[in-house]
Amino acid sequence: MLTQPSDSASEQLNPLRYFNLRLTLVKVFFLAFFALLVARLVQVQIIDAEKYEQIARRQYETKLVLPAARGKIYDRNGNILVSNAMFVSYGADPKIVGEKALQVAEEFGRVFGKPRSHYLEKLRTEGRFVWMKRRVSPALARRMHLDRLKGVVRLDEPKRLYHYGEVAGSLLGFTDIDNKGLSGIELQYDRVLSGTDGYVVMQRDGLGHTKPSVDYPRVEPVNGHDVVLTIDIAFQSIAEEELGKGIELHEAEGGLVIILDPKTGELLALAQWPAVNPNEFYRYDAANQKIRAITDTFEPGSLFKLVTATAALQNDLVTPDRRFFAENGKYVVSLRAGKKRVIKDTHEYGWISFAEAMEHSSNIVMAKVSDLVGAGRLYSCARDFGFGTATGIDLPGEVAGKVKKPSEWSGTTLNTMAYGYEIAATPLQIASAYSAVANGGTLMKPTVLRQIVSGPSGTTNEDLEIERRAVRRAVSPEVSRVLTELFVGVVNRGTGMRTRIEEVQIAGKTGTSRKYVNGKYQLGSYVSSFVGYFPADDPTVLCLVMVDNPHAVSYYGGETAGPVFRAVAERIINTGSAIMKTVVARSAGDGVDPNGVVPNVRNLKVDIATRLLESHGFVVDLFGHGEVVVRQVPGPGQEAEPASMVRLVTAQYSEGLNPADGLIGVPDLRGITIRRAVNRLTLDNLRAGVVGSGVVVSQRPEPGTRVRDGAKVKLWCEPKSGLQIGSGRDHDVEKNVSRPG
């Protein structure tokens, strides 16, 4: 008889079944975990191996940039304007610094004077590299104890050095802390100057020290190209000095000077006030950093009479002798709907010739001439001279100005435009238009770049000479000659008489225009201007001067801008520079003339002259305590050995150099020996006549008297014992001493 298992026996088998079930679950769990682990390992080590390798490398590798040296900038004569000075920068890897962050911050704070919190904040970044301090002078860098600082690296970084400070500051522009061009030439030719940075990969060893990685090649930087500008630093310096004097004298708000070679369109100088020092550009307002000659527009006023006269002469509507009635200074013009308009002249003239109208800048006659010319011809002539179109100069920020189409003209526009209103032009457009007349009728594209120079290896790029380009013929050669004769009359007999220079014929035109601001003309606010070129028969220099809002004495262009032009022209003439014959001959490396040719520094301020000579490798020896160089030995253009001495004789404007008559003040020689006195006179290109011996006691002419080159100075001398300075006694015997050669 079968019996059923008891409930107690069945309960004894259940724990075993549960145990097996749990064991099975554990096995499944571990199998699943192992499968996931294998899958993850496959992903990490095979599928995403490259990704994780890069992450691992970033834990112990840092890529450091090796900055390229920015190209140098030279003037047309090879004088270095901008170069690089090597400074020290410090970077850090926050991961490597780690717990030593406080020590690193304290060391930087000790040397550079900032709180340690400033540097701790830098070290809290998530990246692998941070700049701790940029552009430190080598002298200050020597105070850093780099061996104590784990994870900190020292890098040499080039910093831009502008050798002449404010001179040409706005034109040259400046760079940011990473040496990227922000304005001026630095911005315009940033790609040429900047070069290509290199890099090196730094690797951390087990002790936390960094060294170049052997797994990566070091990529050397490719330095930028040097550039040679059309600027003449001597002309630039003269323009800025005389502009500053004129603005101070006339209590003006600002001003500018443009000097061009009218035959080529090359920019020889571009000065503006207030000036900017690129070494400290952050101290200046943005408005003063722009190049106003191309970014700002003005109503040219009487300077635009060039266009009216050209349109009339070119179309045979007037001759210089044709006479017009100038309405005795007040001309009432009838308009539509019974309205009238009054045009006034500064002076009251009756019947005058067209040439006399130009000489005395008659608005009334020009308005009458515009009626003969008509809207279409006047507009077409203005466009031919480049008004309303950007000149295309290689500088950033140029605007096109504004010339309204005849369809946009009101009933007053024709007459008003005839003497320079209802039109907006940049100063460079005005200078370019007058250059076209000066060179015989061709409008040239202005340029400031003369040459791009390859790097020292010569493998990246051959030297590139910039081609000069004619835009169009603006006026016929015959009419340009007539216009030049009219402009010579302006200087010799008209409103530009204060720009006359003896023995040099100037052709020029004065201009005065009321400022147009916020839709209306400002009472008592003017722009005064003068543009001229010389020598008038074969011009090599054109100069435009604009004075913004003069307040003292007069606001007329001939009385404010005119004297500035004259001062600039006199000093340029006295430098003896031969612009068209200048040849850039220098090495691409250091800017020192390899031929040892002494540059011309006469008539320059002492500091500018000294910098020029030192940049050519010469040593300067100064005679006198004046502000301007009046003589130099060796003379300009002579060859001299490198590091040889150039002696400069200086004088004050008031007692020495007088550009108006070319005279030089006689130095005070009393109380010095005959030998020293004769040497000093020789340096001044003066002759000595000596009476007696010993020490100079008196002289004729008296000290400070202005005499011509080669004049004779008579010296009375006595032995040192019992001498009486300035006794003036005459003697019977005279020794004649002449300068060598």
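Throughout this document, residue positions are counted from 1 along each chain, in the order its sequence is written. Totals for whole chains, interfaces and linings use all residues, but because this is a predicted model, local features are given only for residues with pLDDT of at least 70 and pairs of side-chain atoms are given and counted only at 80 or more. Excluded from the side-chain calculation are hydrogens and water; included are all heavy atoms of the structure.

Remarks on the overall build of the chain
Strands here mean DSSP runs of E at least two residues long; helices mean DSSP runs of H or I at least four residues long; both are numbered from the N terminus. In terms of helices and strands, the chain carries 22 helices and 30 strands. Relative accessible area decides the class of each residue, using a 1.4 Å probe on protein chains only: under 20% of the type maximum gives buried, over 50% gives exposed, and in between gives partly exposed. Out of the 741 residues in the chain, the part that is buried amounts to 50%. Total accessible area on the chain stands at roughly 35600 Å², and carbon and sulfur atoms take up 51% of it. Computed by Shrake-Rupley with a 1.4 Å probe, the accessible areas treat only the displayed protein chains as cover when residues are assessed.

Brief notes about the sheet that holds strand 21 (residues 541–548)
Strand pairing is assigned whenever DSSP detects at least two bridges linking the two strands. Strand order in the open sheet formed by five strands is 10-9-21-20-19, with antiparallel pairing between adjacent strands. Each end of this open sheet is capped by a strand with a single partner; those strands are strand 10 (267–273) and strand 19 (507–517). Averaged over all pairs of adjacent strands, the angle between their axes in this sheet comes to 10°, without regard to strand direction. Of the pairings in the sheet, the one linking strand 20 (residues 520–534) to strand 21 comprises eight bridges and is antiparallel in character. Opposite Ser-529, over in strand 21, you have Met-546 as the bridge partner. Those strands touched by helix 19 (residues 477–493) are strand 19 and strand 20, and its axis lies near 80° from that of strand 19. Should any heavy atoms of two residues lie within 4.5 Å, those residues are counted as being in contact. The axes are straight lines fitted to the C-alpha atoms, using for helices just the contacting stretch, and the angles between their N-to-C directions are given from 0 to 180°. In the packing of helix 20 (residues 557–575) onto the sheet, the strands contacted are strand 9 (254–260), strand 19, strand 20 and strand 21, and the crossing angle to strand 20 comes to about 30°.

Here we look at the nonpolar core
If you look at the biggest cluster of nonpolar residues, it comprises 129 residues, and the most contacted ones within it are Ile-258, Ile-259, Phe-385, Phe-387 and Leu-483. Among residues more than four places away in sequence, those in contact with Phe-387 are Phe-304, Val-307, Ala-382, Val-403, Ile-423, Ala-425, Gln-429, Ile-430 and Ala-433. Here, nonpolar core refers to any group of buried Ala, Val, Leu, Ile, Met, Phe, Trp, Tyr and Cys residues whose side-chain atoms link them within 4.5 Å. By size, the runner-up hydrophobic cluster in this structure holds 20 residues, among which are Phe-108, Val-130, Met-132 and Ala-141.

Let's talk about a nonpolar patch on the surface
Each patch is built from salt-bridge-free residues with over 30% relative accessible area, joining like charges within 9 Å and nonpolar side chains (Val, Leu, Ile, Met, Phe, Trp, Tyr) within 5 Å. The rule for a salt bridge is simple: a side-chain nitrogen of Lys or Arg has to be within 4 Å of a carboxyl oxygen of Asp or Glu. On the surface, a nonpolar cluster with roughly 600 Å² of combined accessible area is contributed by Val-26, Phe-29, Phe-30, Phe-33, Leu-37 and Leu-41. You can see Phe-33 is positioned in helix 1 (residues 7–47).

Some words on the layout of surface pockets
For cavity detection a 1 Å grid was placed over the protein atoms alone, and a set of points counts as a cavity when a 1.4 Å probe fits there but cannot get out; an open set counts as a pocket when protein lies on both sides within 12 Å along at least five of seven lines, with lining residues being those that have an atom within 4 Å of a point. Grid points are joined across faces, edges and corners, and a volume is the space filled by probe spheres set on the points. Put simply, the largest pocket is a space of about 1100 Å³. For the largest pocket, the lining is made up of 36 residues, of which Lys-344, Thr-346, Asn-363, Tyr-421 and Thr-512 are closest to its centre. Counting residues per element, the ones that place at least two in the lining of the largest pocket are strand 13 (340–344), strand 19, strand 20 and helix 20. The element that contributes the greatest number of residues to the lining of the largest pocket is strand 19, accounting for five residues.

Digging into the packing of helix 13 (residues 305–314) against helix 15 (residues 363–373)
Two numbers describe how helix 13 lies on helix 15: the axes approach to 10 Å, and their chain directions differ by 45°. Comparing the axis directions of helix 13 and helix 15 gives the class oblique. The handedness of the crossing between helix 13 and helix 15 is left-handed. For the pair formed by helix 13 and helix 15, the contact residues are Lys-305, Thr-308, Ala-311 and Ala-312 on the first element and Asn-363, Met-366, Val-369, Ser-370 and Val-373 on the second. Charged residues are taken to be Asp, Glu, Lys and Arg, nonpolar residues to be Ala, Val, Leu, Ile, Met, Phe, Trp, Tyr, Cys and Pro, and polar residues to be all remaining types, Gly included. Partitioning the contact of helix 13 with helix 15 into residue classes produces five nonpolar, three polar and one charged. Orientation categories follow fixed angle ranges, with anything under 35 degrees roughly parallel, anything over 145 roughly antiparallel, 65 to 115 roughly perpendicular, and all other angles oblique. Left-handed describes a crossing whose near helix is turned anticlockwise from the far helix by less than a right angle; the clockwise case is right-handed.

Remarks on unusual backbone geometry
Peptide bonds are mostly trans, and most non-glycine residues show a negative phi. The peptide bond linking Trp-273 to Pro-274 adopts the cis configuration, its omega dihedral lying at 5°. The peptide bond linking Arg-700 to Pro-701 adopts the cis configuration, its omega dihedral lying at 0°. For Pro-701, the position within the fold is in the loop between strand 27 (695–700) and strand 28 (706–707). Although it is not a glycine, Ala-168 sits at a positive phi angle of roughly 65°.

A look at the confidence of the model for the chain
Scored by pLDDT, the chain has a mean of 81; 84% of the residues are at 70 or more. Confidence scores labelled pLDDT are given residue by residue by the predictor and lie between 0 and 100. Contacts of residues 457–461 to residues separated by more than four positions or lying in other chains number six contacts, the stretch itself having pLDDT below 50. Scored below 50 in pLDDT, residues 580–594 shows 36 contacts in the model against residues more than four places distant or in partner chains.

Digging into the side chain of Asp-548
With respect to the element layout, Asp-548 can be found in strand 21. Asp-548 gets classed as buried once you look at its relative accessible area, which sits at 9%. Under this definition, polar contacts are N or O atom pairs within 3.5 Å; protein pairs additionally need one hydrogen-donor-capable and one acceptor-capable atom, and for neighbouring residues in sequence, both atoms have to be side-chain atoms. Here the side chain of Asp-548 touches Lys-515 through a polar contact of 2.9 Å, side chain to side chain. Once residues within four sequence positions are removed from consideration, Asp-548 is found in contact with Ala-252, Glu-253, Gly-254, Gly-255, Arg-292, Lys-515, Tyr-526 and Val-527.

Looking at the packing of aromatic side chains
Here a pair means two rings of Phe, Tyr or Trp (six-membered ring of Trp) with centres within 6.5 Å. Their orientation is stacked below 30 degrees between planes, edge-to-face above 60, and tilted elsewhere. Under the criterion given, the structure shown has 14 aromatic pairs. On the numbers, 5.4 Å between centres and 40° between planes, the contact of Tyr-434 with Phe-487 is tilted. In this pair, Tyr-434 sits in helix 18 (residues 427–438) while Phe-487 sits in helix 19, placing the two residues 53 residues apart along the sequence. Taken individually, Tyr-434 and Phe-487 each receive the classification buried, so the pair is uniform in this respect. A connected cluster of aromatic rings, assembled from ring pairs, spans Tyr-90, Phe-108, Phe-112 and Tyr-119. In this scheme, Lys NZ or Arg CZ marks a charge over a ring once it lies within 6 Å of the ring centre and within 35 degrees of the ring normal. It is Lys-368 that lies over the ring of Tyr-331; its NZ or CZ is 5.0 Å from the centre.

What to know about helix 10 (residues 233–250)
Expected helix span is computed as 1.5 Å times (number of residues minus one). Over its 18 residues, helix 10 runs 26 Å from end to end, which matches the ideal 26 Å to within 8%, given 1.5 Å per residue. Across the 18 residues that make up helix 10, a large majority, 14, are buried. Between a side-chain oxygen at the N-terminus of helix 10 and the backbone nitrogen of Ala-234 the separation is 2.9 Å; the capping residue is Asp-232. Remark: Glu-251 follows helix 10 within two positions and exhibits a positive phi of approximately 50°.

Points about the environment of Ala-688
Tracing the backbone shows Ala-688 in strand 26 (residues 687–692). Separated by 27 residues in the primary sequence, Ala-688 and Leu-715 place their C-alpha atoms 7.0 Å from one another.

What to know about the sheet that holds strand 23 (residues 628–633)
In space, the three strands of this open sheet follow the order 22-24-23, with mixed pairing throughout. Two strands lie at the open edges of the sheet, namely strand 22 (619–623) and strand 23, each paired on one side alone. Strand-to-strand twist in this sheet, taken as the mean axis angle between neighbours without regard to direction, amounts to 35°. Here five bridges tie strand 22 to strand 24 (residues 645–651), and the two strands are oriented parallel to one another. Within the sheet, the bridge partner assigned to Val-620 lies in strand 24 and is Val-646.

Notes on helix 13
Among the ten residues of helix 13, nine are classified as buried, and the element is accordingly described as predominantly covered. Buried residues of helix 13: Lys-305, Leu-306, Val-307, Thr-308, Ala-309, Thr-310, Ala-311, Ala-312 and Leu-313, and no others. Immediately downstream of helix 13, the backbone of Asp-316 shows phi near 55°, a positive value.

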